[in-house]
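# Notes for the structure review
In case you want the letters, here they are:
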Amino acid sequence: MGMMIAGSRKGKEVNHKIEPMRDLFMAIFFISIGMQITISSLVDNIGMIVILYLVFLVLIVLAVFVAYWVGNEKCRDGFLSAISLATMGEFAFIIANEALGFGAIDQSFYTSVVGAALMSMVILPFLSRYAPRIWDRSVDRCPRPVYAACCNVNAARERLYTRIYATSKKSRKTLYRSMTHAYINILAIIGLQIAFYFIIPFSIEWLSTNFGGTRDLWSIVMIVVNFVILMPPVYHLVNNVKFLDEMIIGGARRIAKREGNISEPGAIYQRFLEINTYLMVLILVAVIVIVSPNSVGLWQHIVVLALAVAVLVVFYLKKYWSAKNKRAKRENRGAPETDADDDSGDDL
């Protein structure tokens, strides 16, 4: 509601009128939180408070740092920005208070969450002040092999973005949409596997009760269903990754042409493009199904994997015989061998 009002023409006027009420409710909120916490309860849960704060600190610093790194920003800037965000907001109080009200957590854990939030607020100014010194000393004392490996990874990342930036603006926009779609596909795969984790036991019990058959049979059926449903998002994910690969190759060729390099760039990326999409999808789906935890035994997964391999063999045999028949037709017509199928000889 606040976002809707802020975008209206009367937004400033409405904000001016509700500002006293907002300040009053904010004071009541923090006072109510503080009245539920005592010094003795904080002392009694000091161990859990420290653990929660350290977990929060490591995760948020890692998340922000990785986001900066993926965005092709400097590692030092990513670390400093991550440190500056290492504090729990008041929203943590709201979530913890709701969880306490619903009985999801007890009073000691609620006290630990509030204590960890207070600790993050107290320690943040000191972390922000000494963050540059922490980073510089960490770089100086880092073992040279580890430092060299990190530099190689950063160099590879910079080369990747250099090739991407060598493309047109329209291609880059298409790339960003493709990366967004890839992210959505990954979330869809994770959501499907979580859903099947809960659906498979219930479905096996219901199917065996209403339609007969053994539990092993219906376990295999449910794994096959999981296998089939996973194929569309994995297929789109592979296509998005291949599109990114094509952009990298195109950018590398433009850079090589601009620098007068006659060698063919992107050999590794080119080999990745040459892998059959359906083969890659089949392998990825099989790995996801086998790795994902569920209540089905290992041998049922092996049976489904064997079925998938059989389908793949049939697919390649059909493709092989089709290509062989095309070559035979071209030889009978006396036409040169080409990759494209030429049907113009049927009119002769």
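Now for a quick tour of the structure.

Cut-offs applied
Residues numbered from 1 in each chain as written. Predicted model: local features only at pLDDT ≥ 70, side-chain atom pairs only at ≥ 80, totals over all residues. Heavy atoms only, no water. Patch = residues over 30% accessible without salt bridge, like charges linked within 9 Å, V, L, I, M, F, W, Y side chains within 5 Å. Areas by Shrake-Rupley, 256 points an atom, 1.4 Å probe, with all protein chains shown as cover. Salt bridge = Lys/Arg side-chain N within 4 Å of Asp/Glu carboxyl O. Lys, Arg positive; Asp, Glu negative; His and termini not counted. Charge placed at Lys NZ, Arg CZ, Asp CG, Glu CD. Helix = DSSP H or I, 4+ residues; strand = E, 2+ residues; numbered from the N terminus. Buried < 20%, exposed > 50% of the residue type's maximum accessible area, 1.4 Å probe, protein only. Axes fitted to C-alpha atoms, helices over the stretch in contact; angles between N-to-C directions. Parallel < 35°, antiparallel > 145°, perpendicular 65-115°, else oblique. Contact = heavy atoms within 4.5 Å. Nonpolar A, V, L, I, M, F, W, Y, C, P; charged D, E, K, R; others polar. 1 Å grid on protein atoms, 1.4 Å probe; cavity = no way out; pocket = protein on both sides within 12 Å on 5 of 7 lines; lining within 4 Å. Points joined across faces, edges and corners; volume = space filled by probe spheres on them.

The subject of this paragraph is a positive patch on the surface. On the surface, a cluster of positive charge is made up of Arg-129, Arg-133, Arg-137 and Arg-141. Inspection of the secondary structure puts Arg-137 in helix α7 (residues 107–141).

Turning to the pattern of salt bridges, a few remarks are in order. Per the counting criterion, the structure on display carries six salt bridges. A salt bridge links Glu-158 to Arg-157, with the shortest nitrogen-to-oxygen separation between them at 3.9 Å. Taking relative accessible area as the criterion, Glu-158 reaches 43% and is therefore assigned partly exposed. According to the relative accessible area criterion, Arg-157 is buried, its value standing at 7%. The network of salt bridges with shared partners includes Lys-10, Glu-13 and Lys-17.

This part covers the packing of helix α6 (residues 90–101) against α7. Interhelical geometry of α6 versus α7 gives an angle of 175° and a closest axis separation of 9 Å. Judged by the angle between their axes, α6 and α7 are roughly antiparallel. On the side of α6, the interface is formed by Ala-92, Phe-93, Ala-96, Asn-97 and Leu-100, while α7 contributes Gln-107, Tyr-110, Val-113, Val-114, Ala-117 and Met-121. Counted by class, the contact of α6 with α7 contains nine nonpolar, two polar and no charged residues.

Between helix α12 (residues 277–291) and helix α13 (residues 298–333), whose axes approach to 11 Å, the crossing angle comes to 180°. Classed by the angle they form, the pair α12 and α13 counts as roughly antiparallel. For the pair α12 and α13, contact is made by Tyr-278, Leu-279, Leu-282, Ala-286, Val-289 and Ile-290 and by His-301, Leu-305, Ala-308, Leu-312, Phe-315 and Tyr-316, respectively. A class-by-class count of the residues in the contact of α12 with α13 yields eleven nonpolar, one polar and no charged.

Right, let's get into the layout of surface pockets. Looking at the largest pocket, its volume works out to about 410 Å³. Lining the largest pocket we find 20 residues, and of these Leu-160, Tyr-161, Ile-164, Met-179 and Leu-244 sit closest to its centre. Elements with a minimum of two residues in the lining of the largest pocket: α4 (46–70), α8 (144–165), α9 (169–211) and α10 (215–258). Counted as a void, the second largest pocket has a volume near 350 Å³. If you trace the second largest pocket, you find 14 residues lining it, with Trp-135, Val-139, Tyr-147, Cys-150 and Asn-154 closest to the centre. Of all elements in the fold, only α4, α5 (75–84), α7 and α8 reach the threshold of two or more residues within the lining of the second largest pocket. Per-element tally for the lining of the second largest pocket: the top contributor is α8, with six residues. Split into classes, the residues belonging to the lining of the second largest pocket amount to eleven nonpolar, two polar and one charged.

Fair warning: the whole summary comes from geometry, so function is off the table for now.
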